[in-house]
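# Understanding the architecture of this molecule
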Amino acid sequence: MKALVWHGTTDIRCDSVPDPQIEHPRDAIIKVTSCAICGSDLHLYDHFMPGMKSGDVMGHEMMGEVVDVGPETKGKLKVGDRIVVPFTIICGECEQCRRGNFSVCERTNRNGHIAAKAFGHATAGLFGYTHLTGGYQGGQAEYLRVPFADATHIKVPDGIPDEKLLFLGDIFPTGWQAAVQCDIQPTDTVAIWGAGPVGQMAIRSAILLGAKQVVVIDRVPERLAMAEAGGAITINFDEESVIERLNELTNGKGPEKCIDAVGMEAHAAGTVDAMYDRVKQATMMETDRPHVLREMAYVCRPAGTLSIPGVYGGLLDKIPFGAIMNKGLTIRTGQTHVNRWTDDLLRRIEEGQIDPSFVITHTVGLEEGPEMYKVFRDKQDGCIKVVLKP
């Protein structure tokens, strides 16, 4: 089959690889009908995340048709079912899964001993996302093996286009969880750093959850225009002070809720701390660039909440923890507990409350994927979200 394969820094190729096979009784095989390039894939493309090996198949945002099932999936899945595959691989049976904490499933990370050394404890297995999370092959391919498939799936109805459903596997519940973690009240201002795909979903989620006003910070014109179309007030950080504008919008009090939808590769060109981060990262004295975290901690209203869906991979420097502690800020973060939210979100799609396909700017064949990684990373051609058709 054809698949997008990681060979090194900025080296993604469309290769022929062996077709996946049933390896465990709980496995299923799907024929992928749609998949997408996620912003967190760019952390692998640029090799900011450790644990990749040449030959790894990329991708964790995919859906398709079940073409084979192991004997222990029967009753839950059958050949012909249409499913979205969540990026988190879940057993559905461990204590964390029973609590709905699916992204920290205790059983699915087959390299859990490596993750435990890095993080203190193992987290869930993830598709196409380094050997720290299990080394599972990803879904930017013609076919995919789904481990623990009886639990790791979201059944979706026929008659709704892939484009409306695909993002149930990652960016839609990720943006939703980011907003839910804020415990949004009708009087709240929610500020969102990053107007990429997750930021766009967080904007719509915060509005659906009743925020008084939603403000988004970015500098890419196409992203800001999409955010404004979704109901957000926009701040271009290249053109005005983020802190001054947020204080102006909140009568000097600061936003009650702040969401980091940027993560480890913050740009913030021209700021002293951003230049400091780039030097430290280049000299391997720091793994991530946490400009957004610093700015959120500084501007958030006392007793407010910092919600962090943006991916971080390792060690951060110069975090103003004194401000966080003395202002009484709450930090909530984590990989997304996808299946906790998807029943509700599918209902909202079916009822017409939201159509997540608004975020798609490019749809191409799988063989064009390697070039689209560069287009997406460099924000060329107005690119915000890429869907691939194997």
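Rules used throughout
Residues numbered from 1 in each chain as written. Predicted model: local features only at pLDDT ≥ 70, side-chain atom pairs only at ≥ 80, totals over all residues. Heavy atoms only, no water. 1 Å grid on protein atoms, 1.4 Å probe; cavity = no way out; pocket = protein on both sides within 12 Å on 5 of 7 lines; lining within 4 Å. Points joined across faces, edges and corners; volume = space filled by probe spheres on them. Nonpolar A, V, L, I, M, F, W, Y, C, P; charged D, E, K, R; others polar. Patch = residues over 30% accessible without salt bridge, like charges linked within 9 Å, V, L, I, M, F, W, Y side chains within 5 Å. Areas by Shrake-Rupley, 256 points an atom, 1.4 Å probe, with all protein chains shown as cover. Salt bridge = Lys/Arg side-chain N within 4 Å of Asp/Glu carboxyl O. Helix = DSSP H or I, 4+ residues; strand = E, 2+ residues; numbered from the N terminus. UniProt positions renumbered as here; feature names shortened; annotations may be inferred. Phe/Tyr/Trp six-rings, centres within 6.5 Å; stacked < 30°, edge-to-face > 60°. Lys NZ or Arg CZ within 6 Å of the ring centre and 35° of its normal. Buried < 20%, exposed > 50% of the residue type's maximum accessible area, 1.4 Å probe, protein only. Axes fitted to C-alpha atoms, helices over the stretch in contact; angles between N-to-C directions. Parallel < 35°, antiparallel > 145°, perpendicular 65-115°, else oblique. Left-handed = near helix turned anticlockwise from the far one by under 90°. Contact = heavy atoms within 4.5 Å. Domains from an automatic or database assignment. Buried area = accessible area lost by both parts, 1.4 Å probe. Polar contact = N/O pair within 3.5 Å; in protein donor to acceptor, adjacent residues only side chain to side chain.

### Some points on empty space enclosed by the protein
- What the rule picks out here adds up to two cavities of 30 Å³ or more.
- Its volume calculated, the largest cavity comes out at about 60 Å³.
- As for the largest cavity, its lining consists of M52, D56, V57, G128, Y129, T130, H131, G135, Y136 and Q137.
- Looking at the lining of the largest cavity, its residues break down into four nonpolar, five polar and one charged.
- In this structure, the second largest cavity occupies an estimated 40 Å³ of space.

### Describing a nonpolar patch on the surface
- Among the surface-exposed residues, F321, M325 and I331 lie close enough to one another that they form a single nonpolar patch of about 330 Å² accessible area.
- Residue position: I331 is located in strand β16 (residues 330-333).

### Some details on the UniProt feature "domain: Alcohol dehydrogenase-like N-terminal" (unreviewed entry) in the protein
- As recorded in UniProt, the feature "domain: Alcohol dehydrogenase-like N-terminal" (unreviewed entry) lies at residues 25-153.
- Summarising residues 25-153: 13% helix, 25% strand, and an end-to-end C-alpha distance of 15 Å.

### Observations concerning the packing of aromatic side chains
- In the structure shown here, the tally under the stated rule is one aromatic pair.
- The ring centre of Y136 lies 4.1 Å from the NZ or CZ of R110, which sits over that ring.

### Here we look at unusual backbone geometry
- You will see that K379, though not glycine, has its phi angle at about 55°, which is positive.
- Secondary-structure assignment places K379 in the loop between α13 (369-377) and β18 (386-389).
- Positive phi is not limited to glycine here, since D381 has a value of about 55°.
- Here D381 shows up in the loop between α13 and β18.
- According to the relative accessible area criterion, D381 is exposed, its value standing at 62%.

### Some details on the packing of helix α6 (residues 197-208) against helix α7 (residues 221-229)
- The contact between α6 and α7 brings their axes to 10 Å, and the two run at 15°. Accordingly, the angle class assigned to the pair α6 and α7 is roughly parallel. In this structure, the crossing between α6 and α7 has a hand that is right-handed. Between α6, through Q200, I203 and R204, and α7, the contact on the second element is made entirely by R223, M226, A227 and A229.
- Each residue belonging to the contact of α6 with α7 can be placed in one class, and the counts come to four nonpolar, one polar and two charged.

### Re the domain arrangement of the protein
- Taken domain by domain, the protein consists of domain 1 (2-170 + 337-389) and domain 2 (172-333).
- For domain 1 versus domain 2, the separation of C-alpha centres amounts to 26 Å.
- Here domain 1 packs against domain 2, burying approximately 2,500 Å² in sum over the two surfaces, 73% of which is carbon and sulfur.
- Seen at the junction of domain 1 and domain 2, the total is zero salt bridges.
- Taken together, the connections running from domain 1 to domain 2 amount to five residue pairs in polar contact (both at pLDDT 80 or more).
- For the side of domain 1 that touches domain 2, the secondary-structure elements that each account for two or more residues are α1 (41-45) and α12 (338-350).
- With six residues, α12 is the largest single contributor of residues to the side of domain 1 that touches domain 2.

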